[in-house]
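Read off the chains here:
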Amino acid sequence: MTTLTTAGAAAPARSTRVRHAPHTRKARRKAAWIGLLAWVVGIVFCVPALWMLLTSFHSEPDAATNPPSIAAPLTLSGYKVFFGAGGGASPWPPLINSALSSVLSTALVLALSLPAAYALSIKRVRKWTDVMFFFLSTKMLPVVAGLLPVYLFAKNTGLLDNVWLLVILYTSMNLPIAVWMMQSFLADVPVSIIEAAQVDGARLPTVLLRVVAPVAAPGIAATSLICFIFSWNELLFARVLTGVRAETAPVFLTGFVTSQGLFLAQLCAASVVVSLPVLAAGFAAQDKLVQGLSLGAVK
C-alpha cells in the first residue's frame with residue numbers, strides 16, 4: 001500500500017512537469033526573439049552614428065560618392081581641417097564656450113531645482129500641483145516666439161555675443177524640466193531620515209546637501225546629464241545671440257555648410273569631435289543615469 005501510494009503521488013508530479021515543459025520552451029523562445037529584436041533595433045539606431053564615424057575618416061571625393069564607398073581609403077584629413085591645420089578657424093574657443101555655458105548652467109539648474117523639488121515633494125507647499133503645471137506650461141511656448149524679445153533685451157543691455165547670456169538662457173530653459181524630474185525623484189526619499197536629521201539639529205542646507213542629495217544621487221545625475229545635453233546641443237539662441245567671442249560648438253558646425261558646397265567628410269569629423277563630450281559624460285554616468293530614470297518605477 002505504501003508503494004502504491006507513493007507511486008500514485010509521484011505520477012501527478014511527473015505529469016505536471018511534462019505539462020509545463022512546452023510552456024517553458026515557448027517562454028524561452030519568446031524571450032530569445034525579443035532579445036534578437038532588441039539587438040536589431042539597437043543596431044539600426046547605431047548605424048547613422050557609425051556611418052558618420054566612418055565618413056569622417058574618408059576624403060571629400062570618397063565621402064561624396066553615390067552610392068557611398070564603404071571600402072574607401074581612410075584618412076585623417078577631415079580632423080586636420082577641423083583643428084585648423086589648413087589655416088581655418090580654431091575649434092577650441094567654440095568648444096570652450098559650449099563647455100562653459102553647459103557646465104555653469106547645469107550647476108545653476110541643480111542649485112535651484114533641488115530646493116524647489118524639496119518644497120514640492122517632501123515639504124509640499126499649498127497648491128503644489130498648480131506650481132508644477134506652471135513649470136510645465138513654460139515649455140509649451142515655442143522657442144522662436146521668445147527669440148525676438150530675448151534678442152532685444154540682449155541688445156539693449158549689451159549682452160550680445162556674451163557667454164554669460166547663454167548661461168542665463170540655458171538655466172531658465174532647463175529649470176522647468178529639472179524641477180519636474182527632481183520632484184519625482186525626491187518623492188521617493190524616506191521622510192523618516194529627514195526628520196531624524198532635523199531632530200539632530202540639522203538645518204535645511206545641511207539636510208539638502210548631506211541627507212537628500214546622497215539618497216537622490218541617481219536622480220540628480222540623470223537630471224544633470226539631460227540638462228547638460230540640452231545645453232550642449234542648443235543651436236537657435238546661440239546662432240542668433242552670438243557672433244565671434246561667444247560662438248558655441250553647434251554654431252561652429254554650421255560653418256562647414258557653405259555656398260561652395262557641403263564638405264561632408266569635414267562635417268562628419270567635426271560632428272564626431274563635438275559629440276565626444278556628451279558621449280563621455282553619458283558613459284561615465286551610465287549607471288547613475290539608468291538608476292535615476294528608473295527610480296520610482298518599482299515600488
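Our subject is the structure listed above.
Residues numbered from 1 in each chain as written. Predicted model: local features only at pLDDT ≥ 70, side-chain atom pairs only at ≥ 80, totals over all residues. Heavy atoms only, no water.

Asks: Honestly, the overall build of the protein in this entry has me stumped. Any pointers?
Replies: Counting its regular elements, the protein contains 14 helices and two strands. Looking at the protein as a whole, 33% of its 299 residues qualify as buried. When contacts within the protein are restricted to residue pairs at least 6 apart in sequence, long-range pairs at least 24 apart make up 74% of them. Of the roughly 18200 Å² of accessible surface on the protein, 71% is carried by carbon and sulfur atoms. (Helix = DSSP H or I, 4+ residues; strand = E, 2+ residues; numbered from the N terminus. Buried < 20%, exposed > 50% of the residue type's maximum accessible area, 1.4 Å probe, protein only. Contact = heavy atoms within 4.5 Å. Areas by Shrake-Rupley, 256 points an atom, 1.4 Å probe, with all protein chains shown as cover.)

Asks: Could you clarify how one ought to interpret the side chain of T55 in this entry?
Replies: In this structure, T55 sits in helix α1 (residues 2-56). Residue T55 is classed as buried on the basis of its relative accessible area of 4%. In this structure T55 touches A63, L264, A265 and C268, once residues within four positions along its chain are discounted.

Asks: Please clarify how the pattern of salt bridges should be interpreted in this entry.
Replies: Side-chain pairs of opposite charge can arise where the charged atoms are in close proximity. Across all of its chains, the model carries one salt bridge by this definition. Residue D161 is joined to R245 by a salt bridge in which the shortest nitrogen-to-oxygen separation is 3.7 Å. In this pair, D161 is assigned in the loop between α6 (147-157) and α7 (163-186) and R245 in the loop between α11 (236-241) and α12 (249-254), connecting sequence segments 84 residues apart. The exposure class assigned to D161 is buried, which follows from its relative accessible area of 16%. (Salt bridge = Lys/Arg side-chain N within 4 Å of Asp/Glu carboxyl O.)

Asks: Help me understand the nonpolar core in this model?
Replies: One recurring pattern in soluble globular proteins is that nonpolar side chains are buried together. With 19 residues, the main nonpolar core has L114, Y118, M182, L186, I194, V207 and V212 as its most contacted residues. Mapped onto this core, the elements with two or more residues apiece are α4 (92-121), α7, α8 (191-199), α9 (204-215) and α10 (217-233). The element best represented in this core is α9, accounting for five residues. Excluding residues that lie within four positions of it along the chain, V207 makes contacts with Y118, I194, A197, Q198, A202 and V212. In terms of nonpolar packing, the next biggest core, distinct from the first, is built from 16 residues, Y79, A270, V273 and V278 among them. (Core = buried A, V, L, I, M, F, W, Y, C linked by side-chain atoms within 4.5 Å.)

Asks: So what exactly am I meant to see when it comes to the packing of α4 against α10 here?
Replies: When two helices pack together, their arrangement is given by the angle between their axes and by how far apart the axes lie. Running from amino to carboxyl end, α4 crosses α10 at an angle of 140°, the nearest separation of the two axes being 9 Å. Comparing their axes, α10 and α4 come out oblique. Crossing handedness for the pair α4 and α10: right-handed. Residue-level inspection shows L95, S98, A99, S102, V103, S105, T106, V109, L110 and L114 of α4 in contact with α10, the latter providing I220, T223, S224, C227, F228, S231 and W232. Of the residues contributing to the contact of α4 with α10, the split by class is ten nonpolar, seven polar and no charged. (Axes fitted to C-alpha atoms, helices over the stretch in contact; angles between N-to-C directions. Parallel < 35°, antiparallel > 145°, perpendicular 65-115°, else oblique. Left-handed = near helix turned anticlockwise from the far one by under 90°. Nonpolar A, V, L, I, M, F, W, Y, C, P; charged D, E, K, R; others polar.)

Asks: Any chance you could explain the layout of surface pockets here in plain terms?
Replies: Empty pockets left among the atoms are what a rolling probe the size of a water molecule brings to light. In this structure, the largest pocket spans a volume of roughly 290 Å³. Lining the largest pocket we find T138, K139, L141, P142, V143, G146, V150, L169, S172, M173, P176 and F237. Sort the elements by how many residues they give to the lining of the largest pocket and α7 lands first, with four residues. Class assignment for the residues of the lining of the largest pocket results in eight nonpolar, three polar and one charged. In terms of lining residues, the second largest pocket is bounded by V81, G88, A89, F252, G255, F256, T258, F263 and Q266. In the lining of the second largest pocket, the residues fall into five nonpolar, four polar and no charged. (1 Å grid on protein atoms, 1.4 Å probe; cavity = no way out; pocket = protein on both sides within 12 Å on 5 of 7 lines; lining within 4 Å. Points joined across faces, edges and corners; volume = space filled by probe spheres on them.)

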